[in-house]
Amino acid sequence: MRLSAIGDVTHVLPVVHAIRKHKPEAALTWIIGKLEARLLKDLAGVELIVFDKKGGFGAIRQLRKTLKDRKFDVLLHMQVAARANLLSTFVKAPVRIGWDKSRWRDRHQWFINQSVHTLPWQHQVDAFLAFAGALGIPTEPPVWDFPVSEENISWAREVLGDGPPILMISPCSSHPLRNWPADRYAKVADHAISKLDMRVVLTGGPSALEIATGKAIESAMHHTPQNLIAKDTISQSVALLKQATVVVSPDSGPAHLASCVGTPVIGLYAATPSRRSGPYNSTGLCVDMYEEAARKFRHKDPSELRWGQRIEYPGVMDLIEPAEVIQKLDDFMRNY
């Protein structure tokens, strides 16, 4: 059971592939959120049971009905939030594996009978892989093998066309305080076009915030980007990210999606630490001001904070200067 969010769903994929590799006889069922299920509809060998988080009591009743006559050997209870804890009671399984004590919230411990063994200072991908370890599966490098249909790849190639390398900017997180100012994205975008001979493509969903941010970036730029915000589906967005040369994004679902389809990501981190929640394959490319944020906004050394504690304060992302992002981009393109 892992309902959301998109970033965390990408962290669960390596667990799925590890189980399929080492326990091929296992039948896998994933209780998942509606949006996330759309992303993974082409995932082979896994039954998806969709829970609509916006569906209210009707969705709860439907999930209970769906699971009423089902029995499982093991529940991997991968979400500590109260709603997920309560929904887990619909799953009949004698072995119920959940998070370790340091991650318990909302009485998570009441709904499990085993805890995973995790280590301090872990990246979230490695923490999720502890669920595979709890099943006796050996520790191996994560494999995503994210399903992207040929139809969506063809669509992305047609929309993007041929041309110079692509800097793709996915500017928004679902947590607004993690977002970088539009004028700073614009400076990086103009530099990519004028100094690095790159194309700039803006991507994002149909929310009012994402649409407004895209327009603000365009207005602040001296050059013209290709603005694809709100012009694709969630599945098509993955295909777009896969075609990019490099992506710039804050701590967001698209940053993790890009990483798991093999696209390098320059992650922008201040509200959260990239060592814990950065794009797994690109942590060295991240601009990380989390330590400075801890001292400025929490008046503490980062070592005094709970691992991964969010520092979501107005202005925290202003700690990241465009010059630092441009330097990461220049270094990346020099070796591209």
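Whatever comes next refers back to the structure up there.
Residues numbered from 1 in each chain as written. Predicted model: local features only at pLDDT ≥ 70, side-chain atom pairs only at ≥ 80, totals over all residues. Heavy atoms only, no water.

**Q** I would appreciate a short explanation of the packing of helix α6 (residues 150-160) against helix α9 (residues 234-243) in the present structure.
**A** In a pair of packed helices, the angle between the axes and the distance between the axes together describe the arrangement. Two elements in contact, α6 and α9, have axes whose closest approach is 8 Å; the angle formed by their N-to-C orientations is 60 degrees. The angle between the axes of α6 and α9 places the two elements in the oblique class. Taken as a pair, α6 and α9 cross one another with a handedness that is right-handed. Residues Asn152, Ile153, Trp155, Ala156, Arg157 and Leu160 of α6 form the contact with α9, whose own contacting residues are Ser235, Gln236, Ala239, Leu240, Lys242 and Gln243. Here the contact of α6 with α9 is composed, by residue class, of six nonpolar, four polar and two charged. (Axes fitted to C-alpha atoms, helices over the stretch in contact; angles between N-to-C directions. Helix = DSSP H or I, 4+ residues; strand = E, 2+ residues; numbered from the N terminus. Parallel < 35°, antiparallel > 145°, perpendicular 65-115°, else oblique. Left-handed = near helix turned anticlockwise from the far one by under 90°. Contact = heavy atoms within 4.5 Å. Nonpolar A, V, L, I, M, F, W, Y, C, P; charged D, E, K, R; others polar.)

**Q** Even after reading the chapter, I still don't get the side chain of Asp330, so can you show me in this structure?
**A** Take Asp330: it is sitting in helix α13 (residues 322-334). Despite its burial, Asp330 pairs with no opposite charge; the closest candidate is Arg334, at 5.1 Å N-O. (Buried < 20%, exposed > 50% of the residue type's maximum accessible area, 1.4 Å probe, protein only. Lys, Arg positive; Asp, Glu negative; His and termini not counted. Salt bridge = Lys/Arg side-chain N within 4 Å of Asp/Glu carboxyl O.)

**Q** Quick question: what am I supposed to make of the nonpolar core here?
**A** Considering soluble globular proteins, one finds that nonpolar side chains tend to be buried as a cluster. In terms of nonpolar packing, the biggest core is built from 52 residues, with Val15, Trp30, Leu39, Leu40, Phe131, Phe146 and Met168 touching the most fellow members. For this core, the secondary structure elements donating two or more residues are α1 (6-22), β1 (28-33), α2 (34-39), α5 (124-134), α6, β6 (166-169), α9 and α10 (253-260). Of all the elements, α1 adds the most residues to this core, at eight residues. The residues contacting Phe131, other than those within four sequence positions of it, are Val15, Leu76, His77, Met78, Ile97, Gly98, Trp99 and Val116. Counting 40 residues, the second-largest nonpolar core is a separate cluster that includes Ile169, Leu319, Ile326 and Phe332. (Core = buried A, V, L, I, M, F, W, Y, C linked by side-chain atoms within 4.5 Å.)

**Q** What exactly am I supposed to notice about α9 here?
**A** Side chains of residues three or four places apart in an α-helix project in the same direction, reflecting 3.6 residues per turn. Counting buried positions along α9 gives eight out of ten residues, so the element sits mostly inside the fold. Residues Ile234, Ser235, Gln236, Ser237, Val238, Ala239, Leu240 and Leu241 constitute the buried set of α9. Of the surrounding elements, those touching the buried residues of α9 are α1, α2, α6, β6, β9 (246-250) and α10.

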